Amino acid sequence: MAMTTTSMTAKQQLLEAVEGHQPAPFLSLIQGHEKKRKTVDLEEVVLELSRGEVKHVWGCLQAWADEQVTAFVAEHHNQNEEIAASGTNNKDQESTNKYNEKLLEGIVKFAHIYISTFKEGTTFIPGKMLEMTLLLHEMLAAFNGSVKLAIVSLCEQWWLQELEAQDLLVTNVLSHLLEATTRNGAQKKEVLRLWKLHNALATIDLDSPNNKKFVELLTYCISCPIFLNCDEGIKWLVGLFSWPSLIPLLHKEVRLAIPECTRAHSAKYGEVYFKAWKASQGDTKKTIEEECIQDLMYTAIHANPMSSRPSANLHHLLHHIHSYKKHRAVSSLITELYQPILWRSFTVANGYVRMNATGLLCDAFPLNDYNLSQEEQSNLLERQYHTLKTLLLDPCHLVRITAVKGVFNILCKYWIMVPNEVIKAIFKTLLTVLVYDVTTAEVRLEVIKGLTLLLGSADAVPFLIQVLPRLGDVFDDANHKVREAFAKLLLKVKESQALKYWDIVSVPHLLHRLELDNPKVAQLVSRLLLSSFHPFTKTDEELLQRSLSLLEENRMAARRFYQYAGSMISLPNVVHFMLLLWLCLSNHIALHRQQQQQQQQQSDDEENEDSEDSGKNDSGRQRKQQSVRGGRRCERDSLVSTSNKENAAGVLAEGDEEKEEEESEDEEVSPLDNLDVLCGILDTVGILWATNAHRLAKPENNKYLEALRNKLSRNFQHFFKYFKGNADASRTLLYIASFLPKSLVPTLVGHCMSQLKAIQVEQVVSGSDTSYKSFVNALCNWKHGDSLLELLSEWLEEGFKSGLITGNKERRRSRRQVRFCETSTPKPQVALHILCHILEHPINRVSTLQRHRAQLLDIIQDLTKVKDLITERLHRNEELSDLCCDTFLCECWSLYLRLVVVCHHSPSKEPPGKQSIGRETEDLIFHSPACVLECLEWASSTLVPYLGEKNGGKRKLQDTEEAFTLITTLLRSLVTSSTHLLIIGAANIPFVYMLNDFVKILIETDSNGMFWEEGLCLAQESYEFLWVYESSEEEKDETIITGSRLANICISSMADYFKHHDQLPQECELSNTLVHLLMSLGQRSRQDQSYVLEHLMSCVVEHLCWRIEKNNGVDKEAKCIQHLGGFVALLVGTFQKQTKLSIVVMDAFSHFLSTANHDMTSLLAACHLLEVLLQDSGKISRYSLKQTVVAANSVMSAVALPEKESEEADQESPLSIYKDSAKTANKILDNLKESLSIV
């Protein structure tokens, strides 16, 4: 009863608001109805209205709506005209007839509520309501915002409920929805709304000229990704193909979209074409077949496969259609459409065409036309087999690669269908010719990949069992990719269990490849051999025997096997296996000691015995032989006991069987008698510990680490005695000992120090001896870095003294110098290598910085003497001394700068009351930027003048290669280390600007391009640093060298260099450095990125102008970027390979053309560059090329050419050259516009 009262009240409010033209109460009712918790249910109110009341309400609402529409038109008209606001009457009229957008929206919403109450057979639409709706529909394009959306929603509902005059209320709605779905950021729900109105297209005359814009919107739908990403969009596009007049337009739009779409979208296009063909009939079906699908086939055959995307997308599109070839009608269609264009393509001279045709034939195989007779179908199939066999031997390697891929895909799918004779003929070609193809490794690679794929076909496995064992020698292919693919083939063979992999490649051959091959192949081979040499289900005895057999077979292969296998085994099993090997080795050494003691005791007894009869002597010798045999049995028993101690699952059988085999076992030689095997055991333990150190360091694995430390440390003294004469084993033991705490191996510290003092300098410098790294690692791990640094400091001091003039210097001998200088030869170069190793080793670096920072700072202070030595060297024409040679000076300078960067430590900023820095802590503070600034000042006054011409009376260094190398090496080390300060955030803003100024002077002074890479790296890091730490509100002086300006200086220097040289001055990663710089700029600021890119393109255009003037015209033979010279090839080739970067570069090129002032030669150079890029676009999209060509065309169209030229004008006059350049540029632009379909 309460609800009825409320409804009656709402009805009265509605009638009163409508009759009295009261907007506020009316809008209040609409808002109450739209609330989540409705206060008013207008649907119930509408149902209670009588037909007369409905007519009355809509009469009032229609009049109300007419007033609002009139006011809207007047207001819209006044906004578009410029009228002087001076009349009072106009102001009164605007105030009385002011447009109320909310009111008109409310009227439309009420109409929507009204029609939503209709039920089947109970519809009543007053004439006034229909008249209002028709008016609003016609004016839909004029409205904006919420009113427009409400009108669209009303008309949509009108159509869906099939109400009166629905055909007159849908055209503009479709136009609105089409605009909404084709704009950027469209959503799938908008496509769904459009699909619900798809039947409304039948009410529109698409052939009428008045609907041209509407047809353009319909056509544009097919290139919008949003339609391809949802099922409703696919259905909408399929429905568009039912209109014959739209088919050519839609197909043309697809052809334009194919080069830029993704692989997934190209497959969606194939789905659209297929479903449209399937749903069509008569002439429409024939049009889709011949003008669309067959046209795509022809284009796919003749597309350039090197431009990757268009060709690949066409093949993906057709692949979707080919996937329905199991249906007879589709198979017949494909065969019929390919018939006139495919077969002739296999005989053309163009290899790309044959390649494309091969890929399509293999994808569409088997082509079968069910409209033909059985004999004709057999002949067609035989023709395909013959064509495939011929294509495998095609002269073009690209065709052979495509044919091999396709043939294996065909055999994998249709093995049973293909005749045995054909299979044998194909495999004869594959295994005797193509797998040994000498022209390109890609052919051989595809053969191996195809065999791996074919192993997945159960029907083909019996045949492969017979042929695969013939391919063992392929594992020695010269190309690493082929060997990698062959290793994957062996893994697939092992997985299939149809054939033993060692029947294809013997185990010794696998071990040989494991020893010599690259890491990828070695890792795959290790995975292949894992279950053979480290089975998880075998007993410890079996596991140990297999490991020993591997070490005995190939020790180096075993090292690599355990290097990769260590990460494939769980940590508990790794630790168990390490302890198993260690216990085995311990038992063998203990047994060896026992045998030696027995032999020594027997020899002593024999010497003390008196001469006796021969019978007793014979019995003595027999007892000796029995003791030796018993020792060997004891050794084997020790191996078994090892496994028992480590909880092995297997135990040797006891009883009569063992006694029977004892004699035969006695004659066998144990692998442990081989010293190389024993060294291999040590290698294995060390490698497994090193590869699993990161896992052992985790707190949850501490029990495994303690077990290793405790059990391995017990036998080190005996192990060192046993391997005393073997340097290899001693180094390995030392390496293992470096993982142990010092307290467990106390006697090894002195041994390591003595070995470092005795090391050979030549071997360390040449890199042939790296054993010192094991000694250094062990000393640092045992917390003896202080003794090591003291020794290195003394060696460096002696190196410096040897380079100074002894008459002018006093030698200060400290107590530590006296101790070492008299007992060992100083090795300053070795000291540099050891310090570099400490800095490069992550654990050693951290421990040294934490424990021995004071000593490192003392070494830095000592290393400052290198500046005096370098200054002295620059005034001489020869090296200072044997110890203080040029190499030592460069390495010492580099190490000095690295230590300066690593040891940076600035005081913490604490409140004054909390500063509690002691004297000891203050001594450890080191401000690296100040030290580097001193180095920059020294280099500016000492090194930089020698780069350029003779300046200020300074004597030039003798012009030799060694001298130039010395200076450039010193300066490059300085710039690199200074850049590192920026990376770690240790610099400040003034330091950055001073560093940039210094590098600017270097680049401008040096004419050989030796500092470009360092300059670009600094430009990137300084830009990043200033972006983070510098306020963006500060105005920058144009004289200040920022990161982007430094990059431009480097680019300009390159342009000048390449005018006199054809190649880079040295091998470097200049392209990658430039890419990283440009990408970094783009991530921070598009404006700064454009600033650098526009300068880059201006330099490119300027360089092309120089070439044009030099060659008296453009190079018409240039077909790729490499033909335009080193500078253009370097810079343009850099972004040509980057999809995202190429977009912003071409945008910058367009902006450069549109904004800068150009002479005619510059415009000709830009047009010539675009002409070459069209032929060698790389990853530059056609859209980007179009935009740039349009920009160039707009600039050329504004150029005014002289109408006439005097008859006496010289052909080489500036005016003639100007006109010739303009003519050539316009001709190039016309060709570009034609190629890119620019109107």
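Residues numbered from 1 in each chain as written. Predicted model: local features only at pLDDT ≥ 70, side-chain atom pairs only at ≥ 80, totals over all residues. Heavy atoms only, no water.

Visitor: In this structure, what is going on with unusual backbone geometry? I would like to understand it.
Guide: Keep in mind that most residues, glycine aside, have a negative phi and that most peptide bonds are trans. Phe365 connects to Pro366 through a cis peptide bond whose omega is -5°. Summarising the element assignment, Pro366 is placed in the loop between helix H19 (351–364) and helix H20 (374–391). Unlike most non-glycine residues, Gln497 shows phi in positive territory, near 60°. Relative to the elements of secondary structure, Gln497 occurs in the loop between helix H25 (480–496) and helix H26 (507–516). (Helix = DSSP H or I, 4+ residues; strand = E, 2+ residues; numbered from the N terminus.)

Visitor: Hey, could you run me through a negative patch on the surface in this one?
Guide: Taken together, the side chains of Glu878, Glu879, Asp882 and Glu962 present a region of like negative charge at the surface. We classify Glu878 as exposed; its relative accessible area is 55%. (Patch = residues over 30% accessible without salt bridge, like charges linked within 9 Å, V, L, I, M, F, W, Y side chains within 5 Å. Areas by Shrake-Rupley, 256 points an atom, 1.4 Å probe, with all protein chains shown as cover. Salt bridge = Lys/Arg side-chain N within 4 Å of Asp/Glu carboxyl O. Lys, Arg positive; Asp, Glu negative; His and termini not counted. Charge placed at Lys NZ, Arg CZ, Asp CG, Glu CD. Buried < 20%, exposed > 50% of the residue type's maximum accessible area, 1.4 Å probe, protein only.)

Visitor: I would appreciate a short explanation of a positive patch on the surface in the present structure.
Guide: Taken together, Lys405, Lys449, Lys481 and Lys520 make up a surface patch of like positive charges. On the secondary structure map, Lys481 appears in helix H25.

Visitor: Before we go on, may I ask you to explain the packing of helix H6 (residues 101–116) against helix H8 (residues 145–160) in this structure?
Guide: Geometry of a packed helix pair, given as the angle between the helix axes and the separation of the axes. Orientation of H6 relative to H8, taken along the N-to-C sense of each, is 15°, at an axis distance of 9 Å. When the axis of H6 is compared with that of H8, the two are roughly parallel. For the pair H6 and H8, the crossing hand works out as left-handed. Each of Glu101, Leu104, Glu105, Val108, Ala111, His112 and Ile115 in H6 lies in contact with H8, whose residues at this interface are Ser146, Val147, Ala150, Ile151, Ser153, Leu154, Gln157 and Trp158. For the contact of H6 with H8, a count of residues per class yields nine nonpolar, four polar and two charged. (Axes fitted to C-alpha atoms, helices over the stretch in contact; angles between N-to-C directions. Parallel < 35°, antiparallel > 145°, perpendicular 65-115°, else oblique. Left-handed = near helix turned anticlockwise from the far one by under 90°. Contact = heavy atoms within 4.5 Å. Nonpolar A, V, L, I, M, F, W, Y, C, P; charged D, E, K, R; others polar.)

Visitor: Teacher, can you tell me more about a nonpolar patch on the surface here?
Guide: Nonpolar side chains collect at one region of the surface, where Trp1027, Val1028 and Tyr1029 lie side by side and expose about 330 Å² of accessible area between them. On the secondary structure map, Val1028 appears in helix H52 (residues 1012–1029).

Visitor: What's the story with the side chain of Thr732 in this structure? I'm lost.
Guide: You can see Thr732 is positioned in helix H37 (residues 727–737). Discounting residues that sit within four places of it in the chain, Thr732 has contacts with Leu682 and Asp683.

Visitor: Before we go on, may I ask you to explain the packing of helix H43 (residues 828–840) against helix H47 (residues 886–902) in this structure?
Guide: At a minimum axis distance of 10 Å, the contact between H43 and H47 shows a crossing angle of 30°. By the angle class used here, H43 and H47 are roughly parallel. Here the hand of the crossing between H43 and H47 comes out left-handed. On H47, the residues touching Pro828, Gln829, Leu832, His833, Leu835, Cys836, Leu839 and Glu840 of H43 are Phe888, Glu891, Cys892, Leu895, Arg898, Leu899 and Val902. Here the contact of H43 with H47 is composed, by residue class, of ten nonpolar, two polar and three charged.

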